[in-house]
Each structure stands twice: as structure tokens, then as C-alpha cells.
Amino acid sequence: MHAMKSQAIFLYFFLGILACVKAEDAYRYFTWTVTYGTISPLGFPQQGILINGQFPGPTVDCVTNDNIIVDVINKLDEPFLITWNGINMRKSSWQDGVLGTNCPIPPNTNWTYKFQAKDQIGTFTYFPSTQLHKAAGGFGGFNIAQRSVISIPYPQPDGEFTLLVGDWYKANHKALRQKLDSNIPLPLPNALLINGVSNTSVFTGEAGKTYKLRVSNVGIATSINFRIQGHVLKLVEVEGSHCVQDTYESLDVHVGQSVAVLVTLHGSVKDYFIVASSRFTKPILTTTAILRYAGSNTRPSRPLPIGPTYHLHWSMKQARTIRLNLTANAARPNPQGSYHYGTIPVTRTIVLENSQAKIGGKLRYAVNGISYINPDTPLKLADWFNIPGVFGLNTIKDTPTPGPAILATSVIGTTLHDFAEIVFQNNETSVQSWHFDGTIFYIVGYGSGQWTPDMRKRYNLVDAITRHTVQVYPRSWSAILVSLDNKGMWNLRSAIWSRRYLGQELYVRVWNNERSVFTENDIPPNALLCGKATHS
């Protein structure tokens with residue numbers, strides 16, 4: 001009897017272990033070798049940045065809460081990092097892949113990213129964060145599906161396609177960098193690409209079926225408008241947020257942004273043009289792909305579907321129609337609408353104004369009069385090891401600073417769980433785009449002219465969409481509300497890459513005085529050390 005009881009206890013123990021093992025979230029392993037290679041996106045050979053020989057890089061498809069392990073082998077002739085655009089990196093800015101948090105991966109070495117797609121769904125991207133490498137490739141799609149136990153607020157589509165749309169230059173990234181270093185702003189890009197090619201991508205589906213198209217703007221400078229000949233777009237998701245399912249003839253997608261739309265193939269069996277055209281540029285750049293019905297023998301016919309005119313008001317009006325679906329679940333089974341952001345007291349207001357400047361005779365871009373420079377030691381390492389002299393908190397002020405711009409390492413110090421209002425003020429004549437790593441925020445308002453506190457009367461405090469990138473129209477402002485609940489050192493940057501390269505970025509330090517794995521992960525064992533951190 002005693003032996004049988006012991007066996008039973010052992011069996012329960014063994015089954016318990018199996019249950020724990022089974023309950024652990026899945027691991028997905030990737031090995032990416034980053035190289036230069038010859039590509040011909042515009043019909044002639046040029047140098048590009050490839051991942052495992054691919055341009056664009058491989059698409060990551062995973063499920064909510066999957067653990068992602070990516071070993072990046074750098075075979076370029078320059079240090080290199082990849083950042084994960086829109087992945088929240090809960091409690092782990094160590095994996096963010098920007099120079100403020102990571103030492104770059106030296107040539108002919110590797111580094112392994114380890115992070116979790118924690119409590120996220122949706123359409124995202126990855127790309128190089130160093131230098132102007134993004135202008136040469138190294139980018140790809142990053143799609144997170146919901147777990148099977150969580151429903152989606154629309155019928156399961158019959159398939160899906162990932163479309164990476166972006167501007168492209170004939171010159172390579174080093175030539176573009178040399179131009180900026182020589183005080184010459186970048187010209188208009190030469191073309192737009194869809195999945196790394198111009199006018200040749202084909203996406204095939206069956207008549208009568210509905211497909212999800214994940215569309216991301218992976219360019220470095222240019223807003224785009226996306227549309228499909230003879231079909232409407234039902235918007236269902238924006239950068240990880242289920243939205244009100246309005247239909248559109250075309251959608252503006254600004255630099256760094258992603259959307260997911262449903263398209264039902266209700267037409268005749270033939271080919272149709274997919275069109276992407278540049279917004280707010282003269283001349284307008286246009287590229288096409290093909291939506292092909294299975295069995296089609298008929299090529300698409302012109303004219304192309306007409307996009308919106310240059311007028312900014314159309315785009316701003318459309319942006320205001322994109323709202324959160326308050327009846328839908330998120331990655332977790334709690335309704336998104338249960339978070340009543342409009343009733344939370346704002347603890348801090350920050351107004352950020354972008355500008356162009358000359359500092360020491362050199363072309364620079366600034367935020368509130370500060371043009372950011374990267375120190376040799378990543379800010380995160382300096383913060384962790386208490387290394388002095390790398391950065392100072394509140395170098396940059398909460399409101400625009402009069403006077404000439406200066407060079408500095410801009411860090412805004414905030415307290416964990418602050419609820420902040422951030423206003424992006426754009427007094428220039430081009431569209432800006434801003435991205436905030438490590439968090440999502442509510443876009444509560446767009447407006448023309450100069451922001452004043454009285455503009456808060458126009459805010460959407462009920463169902464504003466959440467996303468990680470926000471456009472700011474010329475001579476206009478955009479306002480966001482954000483809960484700073486992710487401890488770490490987070491990059492807040494211009495998504496217009498030439499501006500970021502020349503200083504239009506800063507970091508937000510979300511901090512409390514408790515060192516605990518419940519609020520922030522410890523430094524990873526494989527962390528690269530550089531600068532002053534090599535002596536810590």
C-alpha cells in the first residue's frame with residue numbers, strides 16, 4: 001500500500017511537471033546573417049542589405065506571448081543593430097536594439113536578442129536602427145496572431161498577405177549619409193517599392209474569399225496612400241489595436257506605421273492593380289502590384305484608381321476617423337474599452353517642437369532646441385551601472401526653448417506610472433512622423449496651427465486609437481496621452497530617417513528607485529559592453 005501511494009504521488013508530481021512544461025509559452029528560434037548583396041529593385045543592380053540572402057528580410061510570424069530568440073550575425077563592414085518597431089519589450093529595454101540601450105554588434109560578430117511578444121497582437125515591422133542602414137534594406141514584417149482561445153472581432157480571413165511599402169533611392173546608404181554629412185538635405189526618393197520591387201509583386205486569392213492584408217510603411221521619408229482597383233478596404237487593426245471597422249477607398253499610411261485591412265474578392269476573375277503613391281510630394285511617386293484572382297488570364301487595365309489630392313485636410317480628417325473598437329478584446333481577454341484613459345489625471349505635459357538648424361556650420365535637426373548626439377556608452381548601461389558623465393536628466397526641457405539649437409544627449413526623466421500628455425508641434429512645411437519605443441499611446445488630437453491648452457477641448461477622450469507612431473502635419477500639432485508603465489530607457493524619435501540621423505530624437509527614462517524583476521528585467525548575461533561600461 002505504501003509503495004502504491006508513493007507511486008501515485010510520483011505520478012501526480014510527474015503530470016504536474018508536464019502540465020507546467022506544456023503551459024510555458026512557445027519559443028521561436030531564428031538565425032539571421034546580415035550581409036551586403038546585389039539587388040535590382042529599380043531594374044539595375046545596386047548594393048543592398050540582406051538577411052539570410054533575402055531583401056526584404058524574412059517575415060516573423062508568431063503568436064501572442066511567444067518567446068522570440070533571434071541570433072543576428074553581422075557580416076557588414078560597420079556596427080549594426082535591429083530594432084523591433086512597435087514590439088513593447090515589456091520590462092526589457094535591453095532588447096530594444098537602439099544605440100541608447102544596446103552596444104552595436106561589431107562586424108564579424110553576433111548577438112542574440114531574447115524577448116517576448118507579451119500581451120500583443122497585430123502588424124509590426126523590424127529594421128536597422130544604426131546609421132542609414134534602413135535605406136539599404138535589412139527590414140521585414142513582424143506579425144503577431146492571437147492565441148486560439150481569444151476571438152477576433154471579425155470572421156477568420158481565408159488567408160493573409162504582408163505588404164511592405166516604402167520609398168527607395170538609387171544611391172546607397174553610404175552615399176546618402178555622405179550627402180547629409182555634407183550639409184545637403186536628402187532629395188525626393190527615386191521610387192516606391194512593394195516588398196522590395198517596383199510594379200511586379202503579385203498576390204493571388206480566390207474569388208468570393210476574404211483576405212487580410214498587413215500593410216506597413218517601411219520607408220525613410222515618404223507618407224504613402226494605399227488602394228486597390230475595384231475593391232474597398234475594411235480597416236480592422238492598427239499597430240496592435242482592433243479599430244472600428246470602417247471601409248475606405250484608400251488609406252494614408254505614414255512612415256513607420258502599419259495597418260491591417262480585409263479585402264473581399266467580389267469582382268470578376270481577372271487581375272487588379274494594387275497602388276501605392278506618395279503623399280505631399282511633387283512630383284507624385286507611384287508603384288503598383290497585382291491582386292490576381294486564381295484562374296485569371298486577364299491583365300489589369302488602366303487607368304489606375306485615383307488617390308487623394310495634395311490637400312492635408314483630407315488626410316487629417318481620415319486620421320480622426322480611425323478609432324478604437326471598444327467592444328473587442330485585445331491580446332488578453334479583458335475588453336480594451338475598460339481602460340478609461342480620458343478620466344486619468346495627467347501628471348505631466350511635454351510639448352516637443354521639431355526644427356532644422358545649423359550648429360557649427362553643420363546641418364542638424366533638433367527637438368526643443370537640442371540636437372541629439374549618441375555617447376560612446378549606451379544610456380541604459382550608464383544608468384544601470386551608475387556611470388557618471390554620460391547623460392544628464394532633463395537636458396531637454398518640457399517646452400520649446402528659445403535661442404539657437406545646441407548639441408546634447410537628450411533624456412527626459414519620468415517616474416514609473418506617470419500619465420503624460422505629449423504634444424508634437426510641427427512648424428515646418430513637411431509631414432513629420434514620431435515613434436515611441438516600448439509603449440503604445442492614445443492619439444487624442446490633430447490640429448492646424450499652434451497648440452495651446454485650449455486645444456484640449458477637441459481631444460477624443462473616449463475611443464482614440466492606440467498606436468506607436470503618430471504623424472504630425474505641416475504647420476500643425478498632434479497630441480497623445482501615454483501611461484509610462486514600462487520601466488526602462490526608451491527611444492522617442494523621428495521616423496524620418498535623415499532627421500533622426502542628424503539629431504531629431506531623445507530618450508525617455510521611465511524609472512523608480514526599486515530594482516525588481518517585477519518591474520524590469522536584469523541586464524542579460526550576453527549583454528555587449530562598450531564605452532565606459534567596459535570598465536564597470
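Please refer to the structure placed before this passage.
All of these numbers come straight from a predicted model, not from anything done at the bench. Think of each chain on its own: its residues are numbered from 1, step by step along the sequence as written. The model is predicted, so local features are restricted to residues of pLDDT at least 70 and side-chain atom pairs to those at 80 or more, both for listing and for counting; the totals for chains, interfaces and linings are taken over all residues. To obtain the side-chain values, all non-hydrogen atoms of the structure were used and water was disregarded.

## Brief notes about the overall build of the protein chain
Inference 1: Counting its secondary structure elements, the protein chain contains five helices and 33 strands.
Inference 2: Throughout, radius of gyration means the C-alpha value; the globule benchmark is 2.2 Å times the number of residues raised to the power 0.38. In terms of overall dimensions, the protein chain is globule-like: its C-alpha atoms have a radius of gyration of 24 Å, near the 24 Å expected for 536 residues.
Inference 3: Projecting the C-alpha coordinates of the protein chain onto the three principal axes gives extents of approximately 85 × 65 × 55 Å.
Inference 4: Only protein chains enter the accessibility calculation, which uses a 1.4 Å probe. A residue is then buried if its area is under 20% of the maximum for its type, exposed if over 50%, and partly exposed in between. Residues counted as buried form 57% of the 536 residues belonging to the protein chain.
Inference 5: Residue contacts follow a heavy-atom distance rule, with two residues in contact if any of their heavy atoms lie within 4.5 Å. Partitioning the contacts of the protein chain with sequence separation of at least 6, the portion at a separation of at least 24 is 78%. Each helix is a run of DSSP H or I of at least 4 residues and each strand a run of E of at least 2, with the numbering of both proceeding from the N terminus.

## Details of unusual backbone geometry
Inference 1: Between Lys-282 and Pro-283 the backbone carries a cis peptide bond, its omega angle lying at 0°.
Inference 2: Here Pro-283 lies in the loop between β19 (271-278) and β20 (286-293).
Inference 3: Omega for the bond connecting Arg-302 with Pro-303 falls within 30 degrees of zero, at 15°, which places this linkage in the cis form.
Inference 4: Position of Pro-303 relative to the elements: it lies in the loop between β20 and α3 (312-321).
Inference 5: Backbone geometry at Asn-108 places phi at a positive 60°, although glycine is not the residue there.
Inference 6: The exposed category is assigned to Asn-108, whose relative accessible area is 57%.
Inference 7: With phi around 80°, His-417 is a residue other than glycine that occupies positive phi space.
Inference 8: In this structure, His-417 sits in the loop between β25 (411-415) and β26 (418-426).

## Things to note about the pairing of β19
Inference 1: Burial of β19 is extensive: eight of the eight residues sit out of reach of the surface.
Inference 2: Neither face of β19 is left uncovered, since the one carrying Asp-271, Phe-273, Val-275 and Ser-277 and the one carrying Tyr-272, Ile-274, Ala-276 and Ser-278 both have all their residues buried.
Inference 3: Pairing between strand β13 (residues 224-228) and β19: five bridges, direction antiparallel. Bridge assignment links Arg-227 to a residue of β19, and that residue is Val-275. In this scheme, strands are said to pair when DSSP sees at least two bridges between them.

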